[in-house]
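Chain residues, written in single-letter form:
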Amino acid sequence: MYLLIVFLPLLGSSVAGFFGRFLGSEGSAILTTTCVSFSSILSLIAFYEVAPGASACYLRIAPWISSEMFDASWGFLFDSPTVVMLIVVTSISSLVHLYSISYMSEDPHSPRFMCYLSILTFFMPMLVTGDNSLQLFLGWEGVGLASYLLIHFWFTRLQADKAATKAMLVNRVGDFGLAPGISGRFTLFQTVDFSTIFARASAPRNSWISCNMRFNAISLICILLLIGAVGKSAQIGSHTWSPDAMEGPTPVSASIHAATMVTAGVFMIARCSPLFEYPPTALIVITSAGATTSFLAATTGILQNDLKRVIAYSTCSQLGYMIFACGISNYSVSVFHLMNHAFFKALLFLSAGSVIHAMSDEQDMRKMGGLASSFPLTYAMMLIGSLSLIGFPFLTGFYSKDVILELAYTKYTISGNFAFWLGSISVLFTSYYSFRLLFLTFLVPTNSFGRDISRCHDAPIPMAIPSILLALGSLFVGYLAKDMMIGLGTNFWANSPLVLPKNEILAESEFAAPTITKLIPILFSTSGAFVAYNVNPVADQFQRAFQTSTFCNRLYSFFNKRWFFDQVLNDFLVRSFLRFGYEVSFEALDKGAIEILGPYGISYTFRRLAERISQLQSGFVYHYAFAMLLGSTLFVTFSRMWDSLSSWVDNRSSFILIVSSFYTKSSQE
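About the cut-offs
- Residues numbered from 1 in each chain as written.
- Predicted model: local features only at pLDDT ≥ 70, side-chain atom pairs only at ≥ 80, totals over all residues.
- Heavy atoms only, no water.
- UniProt positions renumbered as here; feature names shortened; annotations may be inferred.
- Helix = DSSP H or I, 4+ residues; strand = E, 2+ residues; numbered from the N terminus.
- Buried < 20%, exposed > 50% of the residue type's maximum accessible area, 1.4 Å probe, protein only.
- Contact = heavy atoms within 4.5 Å.
- Areas by Shrake-Rupley, 256 points an atom, 1.4 Å probe, with all protein chains shown as cover.
- Lys, Arg positive; Asp, Glu negative; His and termini not counted.
- Charge placed at Lys NZ, Arg CZ, Asp CG, Glu CD.
- Patch = residues over 30% accessible without salt bridge, like charges linked within 9 Å, V, L, I, M, F, W, Y side chains within 5 Å.
- Salt bridge = Lys/Arg side-chain N within 4 Å of Asp/Glu carboxyl O.
- Disulfide = S-S within 2.5 Å.
- Expected span 1.5 Å × (residues − 1).
- Bend = angle between axes of the 7 residues up to and from the residue.
- Axes fitted to C-alpha atoms, helices over the stretch in contact; angles between N-to-C directions.
- Parallel < 35°, antiparallel > 145°, perpendicular 65-115°, else oblique.
- Left-handed = near helix turned anticlockwise from the far one by under 90°.
- Pairing = 2+ DSSP bridges.
- Nonpolar A, V, L, I, M, F, W, Y, C, P; charged D, E, K, R; others polar.

- Going by an unreviewed UniProt entry, the chain carries the name NADH-ubiquinone oxidoreductase chain 5 and comes from Raphanus sativus.
- Taken verbatim from the UniProt record of the chain, the Catalytic activity (unreviewed entry) comment is "a ubiquinone + NADH + 5 H(+)(in) = a ubiquinol + NAD(+) + 4 H(+)(out)".
- Checking UniProt for the chain, the heading Function (unreviewed entry) contains the comment "Core subunit of the mitochondrial membrane respiratory chain NADH dehydrogenase (Complex I) which catalyzes electron transfer from NADH through the respiratory chain, using ubiquinone as an electron acceptor. Essential for the catalytic activity and assembly of complex I."

### Remarks on the overall build of the chain
Item 1. Assigned secondary structure in the chain consists of 27 helices and 4 strands.
Item 2. Referenced to the eigenvectors of the C-alpha coordinate spread, the extents of the chain come out at roughly 110 × 65 × 60 Å.
Item 3. Within the chain, the fraction of its 669 residues that count as buried is 53%.
Item 4. A separation threshold of at least 6 residues defines the contact pool for the chain, and within that pool the share at least 24 residues apart is 79%.
Item 5. Summed over its atoms, the accessible surface of the chain is roughly 30000 Å², and 67% of this surface lies on carbon and sulfur atoms.
Item 6. Distance from the positive charge centre (39 side chains) to the negative charge centre (38 side chains) of the chain: 6 Å.

### Describing a nonpolar patch on the surface
Item 1. Nonpolar side chains collect at one region of the surface, where Ile461, Ile465, Ile468, Leu469, Leu472, Phe476, Tyr479 and Leu480 lie side by side and expose about 820 Å² of accessible area between them.
Item 2. By the secondary structure assignment, Ile465 is in helix H19 (residues 461–486).

### Regarding the state of the cysteines
Item 1. Taken as a whole and assessed by the stated rule, the structure comprises 0 disulfides.
Item 2. Here Cys35 is not disulfide-linked; the sulfur of Cys115 is the nearest cysteine sulfur, at 12 Å.
Item 3. The cysteine Cys272 is free of any disulfide, with Cys222 supplying the nearest cysteine sulfur at 8.0 Å.

### A closer look at the UniProt feature "signal peptide" (unreviewed entry) in the chain
Item 1. Listed under "signal peptide" (unreviewed entry) in the UniProt record, and renumbered for this structure, are residues 1–16.
Item 2. Across residues 1–16, helical content stands at 94% and strand content at 0%; the span's end C-alpha atoms are separated by 22 Å.

### Some thoughts on H19
Item 1. In this model, H19 (26 residues) spans 36 Å end to end at C-alpha, consistent with the 38 Å of a helix rising 1.5 Å per residue.
Item 2. Most pronounced at Phe476, the bend in H19 amounts to some 45°.

### Some words on unusual backbone geometry
Item 1. Even without glycine at this site, Ala234 takes up a positive phi of about 55°.
Item 2. For Ala234, the location among the structural elements is in the loop between helix H7 (217–232) and helix H8 (241–244).
Item 3. The phi angle at Phe394 is positive, at roughly 75°, despite the residue not being glycine.
Item 4. Positionally, Phe394 belongs in the loop between helix H15 (376–389) and helix H16 (398–409).

### Some remarks on the pattern of salt bridges
Item 1. Evaluated as defined, the whole model comprises 7 salt bridges.
Item 2. Notably, a salt bridge pairs Arg157 with Glu247, separated by 3.1 Å at the nearest N-O pair. Of the two residues, Arg157 sits in the loop between helix H4 (133–151) and helix H5 (158–189) while Glu247 sits in the loop between H8 and helix H9 (250–258), which places them 90 residues apart along the sequence.
Item 3. Of the residues examined, Arg157 reaches a relative accessible area of 35% and is grouped as partly exposed.

### Things to note about the environment of Ser100
Item 1. In this structure, Ser100 sits in helix H2 (residues 80–103).
Item 2. Sequence spacing of Ser100 and Met641 is 541 residues, and the spatial spacing of their C-alpha atoms is 83 Å.
Item 3. When residues no more than four places from it in sequence are discounted, the contact partners of Ser100 are Ser105, Phe113, Met114, Leu117 and Pro251.

### What about the packing of helix H13 (residues 307–327) against helix H17 (residues 414–443)?
Item 1. Two numbers describe how H13 lies on H17: the axes approach to 11 Å, and their chain directions differ by 160°. Viewed along their axes, H13 and H17 adopt a mutual orientation that is roughly antiparallel. Note on packing geometry: the crossing formed by H13 with H17 is left-handed. Where H13 abuts H17, its residues Leu307, Val310, Ile311, Tyr313, Ser314, Ser317, Gln318, Tyr321 and Phe324 lie against Ala419, Gly423, Ser426, Val427, Thr430, Tyr433, Leu437 and Thr441.

### Regarding the pairing of strand E1 (residues 57–67)
Item 1. One ladder, built from 9 bridges, connects E1 with strand E2 (residues 70–78); its direction is antiparallel. Bridging from a neighbouring strand, Arg60 pairs with Gly75 of E2.
Item 2. Taken together, E1 and the strand that follows it, E2, pair antiparallel across an intervening segment of 2 residues, in which Glu68 is found at a positive phi of about 50°.

### Details of the packing of helix H12 (residues 280–301) against H13
Item 1. Remark: H12 packs on H13, axes separated minimally by 7 Å, with the N-to-C direction vectors making an angle of 160°. Judged by the angle between their axes, H12 and H13 are roughly antiparallel. For the crossing formed where H12 meets H13, the hand is left-handed. Contacts between H12 and H13 pair Leu283, Ile286, Thr287, Gly290, Ala291, Thr293, Ser294, Ala297, Ala298, Thr300 and Gly301 from the former with Val310, Tyr313, Cys316, Ser317, Gly320, Tyr321, Ile323, Phe324, Cys326 and Gly327 from the latter.
Item 2. A class-by-class count of the residues in the contact of H12 with H13 yields 12 nonpolar, 9 polar and no charged.

Dropping the structure here:
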């Protein structure tokens, strides 16, 4: 049963990929959706068996790589974090598959799309169930490949090509941290198996010396792992691929940003918590990176006009909360917020897809408005998702995001206060852009074309059912799972995310945090909604006032242009690497040294050598007799004197001298 959870999506993807042309669009869609749905049902059974009793299940299938001290096997670990992630991944993916049946029904390449979507669903369980670093890395790279294929699905669109390439390259930058981190763990612990590494995590205290600086081994490994998580989970510096990934179909955006790719980095940090608990420097860096990302993404989203990009920036902001929750050593709360976020974020994306699908693929919110009467169900679904996103009391998001902020406050450190205030301010901006999205899309007077208004319709049944189920999750999952997953005294996690006693602050945040601290997120959420209500009905006058003031115009451009991150990265990094790749790698190495010393140089050398030898063919017999006599004499002489000459003659230098003489001669000619 446990293996079927992982391999059923692979079965559906393989059949749809190889036999999709025979099954047709409907056959491929039904097959892949059925496989993923059965995997979701089996995940619920695995959750019931593993999580309540904290009884982990370990399956060792077969040896994979065995070389002296290096031993990696095919093994699957099903503990509490794993089964929680499996429920999130398979349930969200099954609903996205069901939604895609109607959404992609008019696309001629629907079987290929369903194949890609199922292979993404396969690689994510492969990542979360791996019992060693290499198997996790296999799923890690597979998720990146599947995301590239899905973003690039409409490959005839130039922007889709650029977005997919950007996502792949940015994630490769993160992998430059993850791969050395895995190698460093093997160097330090002589194994890639998680259980062995975590059991020995507290033992080593040695340091590595690099660039005249001393680094603690565990700290360096954790920083490298964090770089990998920053690339995959769209944290500051590597967040630019996430909004551009909106060029793919809307079900792709829902799957990537709610349940699969961006959650991989958060899960990896939670899985490696026994390593991250010991170096305080690594925890401070994680907290700072997460808090900065939440603030950056929230401030960027307030002035975006693309419907899906606003939701994408909210994903980056919420991922920042999850990351800095790990930085304050509350990995269980981070995974709990990851689960809650998956439901309301998938709901927002699928609701946005219903609007875009009905409005002839229009994504600019300024060209919408007045759609609440035409889309009553979609409006209700997006309202529920937005309220849960901003942490409205007693909805799903409230039970995790507010707990994270309270934990950051009761950390009583500089990094904790930094995270608390940036996170609280981010709540204000999150509320603003969430209600701005609702006002511009559904409530303000319409700006749409008449033909779009006349043809628009609410979501059909196959698209409405997933949205309704996700809305129920956005309303009740947080309330139902709070005490079980993060309640005081719960044994749900069974030390799987390890927290040292000195870092355990959950009880203090529950009872010692001031009341005003607990009310700050609600006050900021209300303030953001109030500002959005008063600004956007008169958005034209507001923007005109911004444009007349020089400072406000620059501030508007700064946020609208995404803090100029793309421009800075392109001007200072991308162009430098492209110039290096052309002038050094291509011209100097590939077309220079490698070709001269390689095939071109060898062929040229033998061709010139043949030309020189051919010049010796004079046609006179006495010339040949003299050459034979001279050659025989030299051969006998050198063969007799070789023992004494061998120590003075270098064969390689002689060969280089002979070859260079041909080049010298050719240059003189």
